[in-house]
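# Structural description and commentary
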Amino acid sequence: MKTLRNWGLFALMAILALIGCPAPTDDGFGGGGGGGGGGGPNTTSWVVGPNVTATKSGFSLSATLSSSNTVYYIVVANGDTAPNEAQIKAGVNYSNVTVISSGSFGPGINITGINLDLNPSTQYDVYFVLDNGSPISGSIAKRSITTLGGTPVRLLRLAPIYGTGYTYGDPNAWLDIEILNASQLSSLGNWKVKFFRASQVNTLFQANSVSWTFVNNDVIRIHQSGRITDTSKTDNNSDKWDYTTTSGFFLGTDKSVVWIENGSGQILDMIIYRKNTVPSGWPSDHAETNTAVNNAVSAGDWPSANTSDMFIFSDNKTNIMQLKSGRIEGNLKTHWEEITPPGVSLVPLATPTVVNGNSGGTTKLTVAVTEVAGAVVTGVTVNLSSLGASFASVTSQTLYDNGTNGDTTPGDKTYSYDLAIPSGHPGGAYSLQVTVNAIPSITKTTTINLGVTPLPPVLAYTGSDFNTNAAGNGAGGVTAGTANAAPSPAGGDYLTLIGTTGTSNTNIYTSATNLGPATGYTKITFWLKGTAAKGLVVRLGTAGSNYYNVNDDDIAGPHNLITGNPTYAGKTVNVPNWTKVTLNLGTLDPTGLKFIFRGGDSANYNLQIDHIQYE
């Protein structure tokens, strides 16, 4: 976004009396502190003067010249190398000296309303030379001035700005306004910040909006409500206040006048702006804005009556502006320049090699970092916690650019890390977040996609494919056997559980051997078909409460370990076709436990089960 600020209007006034009397050169006229730099007439070409009086951003001048002479002047920083006659007339930089302002006037012309656009409270040297077709040798006059102090309280258009004295603004901010030198507000009574838009004047906020406690050089930054929520001093900066408002002023504003006034209604400073999508000039419903501009010109609160001097911005979310070198305030668009703020770009390089989760292996994570406009990278890290239990606490693994830990070439801004995936990893597709931190206060992220080949399924306990026998024992009135009349998708024989339970909930099948190692696996699956008059429960272990409910409510699952007692009554199983059931292990390690099916009391069970395995 681009910004403008109000300056005072300062006149350069030349009172030119045309009389024919030569005067000599005089380079000795002082004139500091905003006062006149007087001096008597001499005998070459200057008859009277030049008499100079400093203003806030320039000076007023009175002089009496000989006929037919023109006066040229330049303004340079105090103490800069003095120019010669030709350099003053040229009005451009010379000998490594920057000409801050320049101009001329001729006989018989009164010049008013010239804005020299100098900084307030600043020392300058002003050089004059007479010309009658060519510069008159020996007619240079020098005056040293100190411009008057600026308005105590200043408004600044901000959204966002990067530069000395400012922090890089909220990139999502639609519109921000800053008040500089806010500590001066306490002397202004019931001060208000007002704005004009859509043919009406509204108060944006005022003295009683917040319980302000100011110290020297405080700044108030005003945002649309919801953009920045902290209404206290932020950024660890003791002289910044962030203030949010619900005012409609911040919603899609494309043209407006904003001003701050004291308790008596006197305007202290004002901002005028519009977006470049608005046609030249202001639309008819903003006629009052033109009036406001003209009134500001008359009051000396705005340095130009031309709306083209307003700061025009093209994108009020992303353009970054800073004051040009040497400026301490910014009223007009010419005071500002668009910059590329410090930043970084972060790009993943080659996709990491897929790792086999069964055997494990090493893969290289690599990103390329580009530093922009003076940014300096302080670190690049990757969050590995999504890779599973063995990486749960690794939220900030360093990537290196020093030729170690998998980095190939030190100092080339390519950051790498050789990541070791342990054997027995469950596998899957992972998005790993990479973060780069840089000075000043820059954080960027990207993702690296990593694939780990899942572990192959294995039988959960010996014989749990049931191709040899039932691999366990029926109980509680239910007989365990095998069959192969209509095999499951896994093929081969399958387990049958057939019978009617007794008068209590009971185990109806227990594996003959314990469950095998489960490292790297996340679930147990099995194929199921058949019916049950009450619920079917899976229990892992002969003690404890590692229960899963398996019933018609959601036969396939995935099922999680339940809390509390399992459910039998009011539940049934009715699965006419082979269905794969999934039991999530969560944090449970079932290694060494028995695999048990349980049934409800006094209920008939006729079930077919196959391939109980880890996945």
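Residues numbered from 1 in each chain as written. Predicted model: local features only at pLDDT ≥ 70, side-chain atom pairs only at ≥ 80, totals over all residues. Heavy atoms only, no water.

### Section: the confidence of the model for the protein chain
The following threshold applies: What pLDDT expresses is the predictor's confidence in each residue, scored from 0 to 100. Two residues form a contact once any of their heavy atoms are found within 4.5 Å.
For the protein chain, the average pLDDT comes to 74, and 62% of its residues sit at 70 or higher. Within the model, the stretch residues 1-44 combines pLDDT values under 50 with 204 contacts to residues more than four positions away or in other chains. pLDDT under 50 marks residues 311-319. Its contacts with residues more than four places away, or in other chains, come to 39 contacts.

### Quick word on the sheet that holds strand β33 (residues 536-540)
The following threshold applies: A pair of strands counts as paired when DSSP detects no fewer than two bridges linking them. Every helix listed is a DSSP run of H or I at least four residues long, and every strand listed is a run of E at least two residues long, numbered separately from the N terminus. What counts as an axis is a line fitted to C-alpha atoms, over the stretch in contact for a helix, and the angles between N-to-C directions run from 0 to 180 degrees.
Taken in spatial order, the 5 strands line up as β28-β31-β36-β33-β34 in an open sheet, and their pairing is antiparallel. Only two strands of the sheet have a single partner each, and these edge strands are β28 (472-474) and β34 (547-550). The average undirected angle you get between the axes of adjacent strands in this sheet is 25°. Note: β33 against strand β36 (residues 595-599), 5 bridges, orientation antiparallel. In the strand pairing of β36, L536 is matched with G599.

### Here we look at the pattern of salt bridges
Threshold: Within this document, salt bridges are pairs made up of a side-chain nitrogen of Lys or Arg and a carboxyl oxygen of Asp or Glu, the two lying within 4 Å of each other. The buried label goes to any residue with under 20% of its type's maximum accessible area, the exposed label to any with over 50%, and the partly exposed label to all in between, with areas taken from a 1.4 Å probe on protein chains only.
One pass over the full model with this rule turns up 5 salt bridges. For K413, the salt bridge identified is with E371, shortest N-O distance 3.2 Å. A residue pair is termed long-range when its members are at least 10 positions apart, and K413 in the loop between β23 (397-398) and β24 (414-421) and E371 in strand β21 (residues 361-372) qualify at 42 residues. Here K413 falls in the partly exposed class, since its relative accessible area comes to 30%. Its relative accessible area of 30% is what places E371 among the partly exposed residues. Measuring nitrogen to oxygen at the nearest pair gives 2.7 Å for the salt bridge that ties K580 to E615. In this pair, K580 is assigned in strand β35 (residues 573-584) and E615 in the segment after β37 (604-614), connecting sequence segments 35 residues apart.

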